[in-house]
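Overview (structure and organization)
Chain residues, written in single-letter form:
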Amino acid sequence: MKIMKISIVLEGYLKDKYSFSPIELNYSKAVTIHKILEEAKISSADIFFIKVEDSLVKEDYFVRKSCKIKLFPIIGGG
Amino acid sequence: MSYGYTGSILHLDLSSKKYWIEHPPETFYRTYWGGRALGLYYMLKEMKPKTDPLSPDNLLIFAPSVLTGTPAPAMPRYTVCAKSSLTGAEGEAEAGGWWGPELKKAGLDAIITKGASTTPVYLWINDGKVEIKAATHLWGKDTGTTQKIIKEELADDKVRIAQIGPAGENLVRFANIVNELKHFNGRNGLGAVMGSKKLKAIAVRGTKPIELYNKERVSQVTKEITKRVMENPLSRDLRELGTLAVVRPFYEAGCLPSYNWTTGYFKEGENLTAETYNKTILKKTIGCYACPIRCKRVVEINESDLQVDPSYGGPEYETITSLGSSCGISDLKYIAKANELCNKYTMDTISTGMAIAFAMQCFQEGLLTKEDTGGIELTFSNKEAMLKMVEKIAHRDGLGDLLAEGSYLAAQKIGKGSEKFIHQVKKQEIPMHDPRLKIGVGLQYALADYGADHMKAAHDTYFKDKDSYGIKEMKGLGILEPVSPTDIGQNKVTLFKILDTYWSLLDTLGVCDFGYVPRSVGTMEELLEIICSTTGWKTTWFEFMKVGERSINMARVFNCREGFTTKDDTLPEVFYQNFKGGPLEGKFAINKEDFEKALKLRYELMGWNPDSGIPTSAKLIELGLDWLIEEIG
Ligand code: SF4
């Protein structure tokens, strides 16, 4: 399998907390978002929505090709 | 010696222009503390059931708390209570800013007004001295002009003014009350009650210090919290992106309320994000009294065809969505203008936006025509039309007169099936958080005594994971296990019983939800420390949770007395349907049966009769509210 390039884009306060620039990870086989978060040391507790390209997905979603993953933080009302 | 409170409550009869000062004992303050509990105490004691909200018999109460004005973070708030002109239920709304602390420094813990003046008046409280002054020359004036005239008249630029604009005078049922032109007692139409009393404003000036039991300790804890504001991602986010931080996740996920709740998918959502807002219209951020978080937005626009005055602050998330995407509008500048107009005239922006969105849908479906709108092409996305409707509602002009009654009553009048286009609980328009993705918020919408409200508990997302901030920081209240935001089982119900009680406490104490866990930087331990050091009372979270519960039960009894039943604890039908359009298409309808089961369990957990929702005598006795047993028969 070709190397997959996964780019993680952090939104809102996740940028402050984890990284201002996109995080890049490489994989040689299909991998769950859960695993990706674990390796990027990003806590699920901070994540409300996960978007892979234009679809909303859950943490058990398998990434099978290079893509951009957007992570949106949990935030409440006001 | 009393600490935190002054020991004086002003009673004012606007009909006779007589007033007197009550000096309640310490036990009164330790039982009711201030805010909503203090307001409800007088409403239950002094107002007859079924009072017309716009009659002189309604009370209008301004109540800070024993903490308001403490120089600790996020404690500037005061509550205004009355029977609501919008819902006919218990009405209350909290405002930040500077007015509450100033009232305390002027030597008063609360103002209880009743009756109605025959001519417009304003109240001038100068270090405890009370004066009722003519306001005929102010009637009809917007808030900026009124503030300027009163400050000139009193020759004091430091006077703090809570007031109504023309919408309050015109009895718009969702008129609000503003202090310092940008801090609102927003919902429930309390501004209309103030208008019905012909009370234009309350100007306050206070120079007395608020006595604290242990000033050094309060200042130490304040410093510790302040130091962490920019380190804590949540409080830093409040400063940098404000409440608008939610726009991007909501629009990208497809749950940004749009086109009168017909979809959560708003193609132009990028135009409404906090990032766009900061780049295009934000002038600066400001804070309330003694608050280091500084989350409030101030905007300014100076274009040849559109100006927005920074004195009126700037739109928050709820406003951006209700006057924006709900009306199909993505031009931030027009939304900022609508926000400025609402602030000048004193109208709640959620209800205003939702009333206009409702009328737009009626227009689209042919239930309203150009004849009804006075020639306005009231289509979704027509930003000029939206601005015109804001003006018309405030002045009760043409169709604006009908919408000024609130969308529920407007739909009753229009008929022809328009009822299905309104989204309300207890006649109050629903706020801009979709409960299909945060069902606990839905429970709170349904149960809120004062009609749908998004600030009646923390949102589900803070408790979704074992490492969530809410779980980590609130174990002391017994919150130990995470629950998924879309879960509606017994764990969610028990979680929200605790959160409702905690929030009710914050609203009783005048503490801003954005200052403390789970929404922000201050911890529960620090909050306890501040309370003990302010009052000198050796207290615990056990006592606080009882205070929160007491307020909830008083509000419930008030509503039972007014004829509200479990049938009024509902959610709009739209939330029992799947999302339409966007990434969430076809998903997440709330199961009605499960939701009703959850409500029933909640009644039982509260110590209320599961069928009638009425507090049991035992619950009232437990909370020291035995004097209310007769009220519920
Ligand atoms: S957190 Fe924001 S709204 Fe709350 S008191 Fe501070 S500045 Fe005011």
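Quick caveat: nothing in here was measured; it's all calculated off a predicted structure. (Residues numbered from 1 in each chain as written. Chains lettered and ligands numbered in written order. Predicted model: local features only at pLDDT ≥ 70, side-chain atom pairs only at ≥ 80, totals over all residues. Heavy atoms only, no water.)

Regarding its fold elements, chain B presents 24 helices and 18 strands. In terms of overall dimensions, chain B is globule-like: its C-alpha atoms have a radius of gyration of 23 Å, near the 26 Å expected for 633 residues. Each of the three principal axes of chain B carries a C-alpha extent, and together these read 65 × 60 × 50 Å. The long-range share in chain B, meaning contacts at least 24 apart out of those at least 6 apart in sequence, stands at 68%. If you sum the accessible surface of chain B, you get close to 20700 Å²; carbon and sulfur atoms cover 49% of it. Separation between the mean location of the 78 positive side-chain charges and that of the 81 negative ones in chain B comes to 2 Å. (Helix = DSSP H or I, 4+ residues; strand = E, 2+ residues; numbered from the N terminus. Rg over C-alpha atoms; globule rule 2.2 N^0.38 Å. Contact = heavy atoms within 4.5 Å. Areas by Shrake-Rupley, 256 points an atom, 1.4 Å probe, with all protein chains shown as cover. Lys, Arg positive; Asp, Glu negative; His and termini not counted. Charge placed at Lys NZ, Arg CZ, Asp CG, Glu CD.)

Glancing now at the interface of chain B and chain A. Between chain B and chain A, the residue contacts involve 33 residues of the former and 23 residues of the latter. Summing the contributions of chain B and of chain A, the shared interface buries around 2300 Å²; its carbon and sulfur component is 64%. There are 4 salt bridges connecting chain B and chain A. In this structure, E252 of chain B and K70 of chain A form a salt bridge, with 2.8 Å as the shortest nitrogen-oxygen distance. On the surface where chain B and chain A come into contact, there are 6 residue pairs in polar contact (both at pLDDT 80 or more). Put simply, the parts of the chain that give the side of chain B that touches chain A at least two residues each are α8 (233–240), α9 (247–253) and α11 (317–322) of chain B. (Buried area = accessible area lost by both parts, 1.4 Å probe. Salt bridge = Lys/Arg side-chain N within 4 Å of Asp/Glu carboxyl O. Polar contact = N/O pair within 3.5 Å; in protein donor to acceptor, adjacent residues only side chain to side chain.)

What follows covers the sheet that holds strand β1 (residues 9–13) of chain B. All names here are of chain B. With mixed pairing, 6 strands are arranged side by side in an open sheet as β2-β1-β6-β3-β4-β5. Strand pairing shows two members of the sheet lacking a second neighbour, β2 (18–22) and β5 (90–95), which therefore form its edges. Each strand of the sheet is rotated relative to its neighbour by a mean of 15°, with strand direction disregarded. As defined by bridge partners, strand β3 (residues 60–63) adjoins strand β6 (residues 110–114) across 3 bridges and the pair is classed as antiparallel. For I61, the partnering residue across the bridge sits in β6 and is I112. (Pairing = 2+ DSSP bridges. Axes fitted to C-alpha atoms, helices over the stretch in contact; angles between N-to-C directions.)

Quick look at the nonpolar core now. Across soluble globular proteins, nonpolar side chains show a tendency to be buried alongside one another. Counting residues in each nonpolar core, the largest one holds 207 residues, and the members touching the most others are I8, I69 and L71 of chain A together with M386, Y502 and F595 of chain B. Ignoring any residue separated from it by four or fewer positions in sequence, one finds Y502 of chain B in contact with M474, L477, Y516, V517, P518, M524, L527, W541 and M545 of chain B. Formed by 28 residues, the second largest nonpolar core is a distinct cluster that contains I111, A162, L190 and L199 of chain B. (Core = buried A, V, L, I, M, F, W, Y, C linked by side-chain atoms within 4.5 Å. Buried < 20%, exposed > 50% of the residue type's maximum accessible area, 1.4 Å probe, protein only.)

Time to look at the packing of aromatic side chains. All names here are of chain B. Within this structure, the stated rule accounts for 25 aromatic pairs over all chains. Ring centres of F28 and Y32 lie 5.4 Å apart, and the angle between their planes is 50°; this geometry places the pair in the tilted category. Here Y32 and F28 lie together in helix α1 (residues 26–32), a separation of 4 residues that amounts to about one turn. A single burial state applies to F28 and to Y32, both of which are buried. Just above the ring of W627 sits the side chain of K45; from NZ or CZ to the centre is 4.5 Å. Against the face of F579 rests R436, its NZ or CZ located 3.9 Å from the ring centre. (Phe/Tyr/Trp six-rings, centres within 6.5 Å; stacked < 30°, edge-to-face > 60°. Lys NZ or Arg CZ within 6 Å of the ring centre and 35° of its normal.)

Bringing the site of the ligand into the picture now. Every residue close to the ligand is listed here: A74, P76, G287, C288, C291, I293, R294, C295, K296, C512 and F514 of chain B. Its residues assigned to classes, the shell around the ligand comprises 8 nonpolar, 1 polar and 2 charged. (Near = heavy atom within 4 Å. Nonpolar A, V, L, I, M, F, W, Y, C, P; charged D, E, K, R; others polar.)

Attention shifts here to the sheet that holds strand β12 (residues 199–205) of chain B. All names here are of chain B. Taking strand neighbours across the sheet as the criterion, the 6 strands line up as β8-β7-β12-β9-β10-β11 in an open arrangement whose pairing is mixed. Pairing within the sheet leaves two strands with one partner each, and these edge strands are β8 (129–134) and β11 (183–185). The average angle at which neighbouring strand axes cross in this sheet is 20°, direction not considered. Summarising the sheet, strand β9 (residues 160–163) and β12 pair through 4 bridges and their orientation is antiparallel. Each residue of the ladder has a partner; that of I161, found in β12, is A203. Across the sheet, helix α4 (residues 143–153) lies against β7 (121–126), β8, β9, β10 (177–179) and β12, angled at about 140° from β9, the strand it touches most.

Here we take up the domain arrangement of chain B. Residue and element names in this part refer to chain B. Domain annotation for chain B reports domain 1 (9–205), domain 2 (244–422) and domain 3 (439–521 + 540–632). Look at where the C-alpha atoms of domain 2 and domain 3 centre, and you get two points 28 Å apart. Contact residues are listed per partner, giving 13 residues for domain 2 and 13 residues for domain 3. At the boundary of domain 2 with domain 3, total buried surface from both sides reaches about 890 Å², with 69% on carbon and sulfur atoms. At the junction of domain 2 with domain 3, the criterion picks out 0 salt bridges. On the surface where domain 2 and domain 3 come into contact, there are 2 residue pairs in polar contact (both at pLDDT 80 or more). Considered class by class, the residues forming the side of domain 2 that touches domain 3 number 7 nonpolar, 4 polar and 2 charged. (Domains from an automatic or database assignment.)

On to the pattern of salt bridges, then. Considering all chains together, one arrives at 48 salt bridges over all chains under this definition. For E11 of chain A, the salt bridge goes to R248 of chain B, with nearest N and O atoms at 3.4 Å. With E11 of chain A in the loop between β1 (4–10) and α1 (13–17) and R248 of chain B in helix α9, this pair bridges two chains. You can call E11 of chain A buried: its relative accessible area is 7%. Several salt bridges converge on common partners, so that one network encompasses E11, K51 and K70 of chain A together with R248, E252, E270 and E275 of chain B.

On to unusual backbone geometry. Residue and element names in this part refer to chain B. For the bond running from V517 to P518, omega is 5°, close enough to zero to count as cis. Take P518: it is sitting in the loop between α20 (490–509) and α21 (524–535). Located in the positive-phi region is K50, a residue other than glycine, with phi close to 65°. Within the fold, K50 resides in the loop between α2 (35–46) and β3. Positive phi is not limited to glycine here, since L171 has a value of about 60°. When you line up the elements, L171 lands in the loop between α5 (166–169) and β10.

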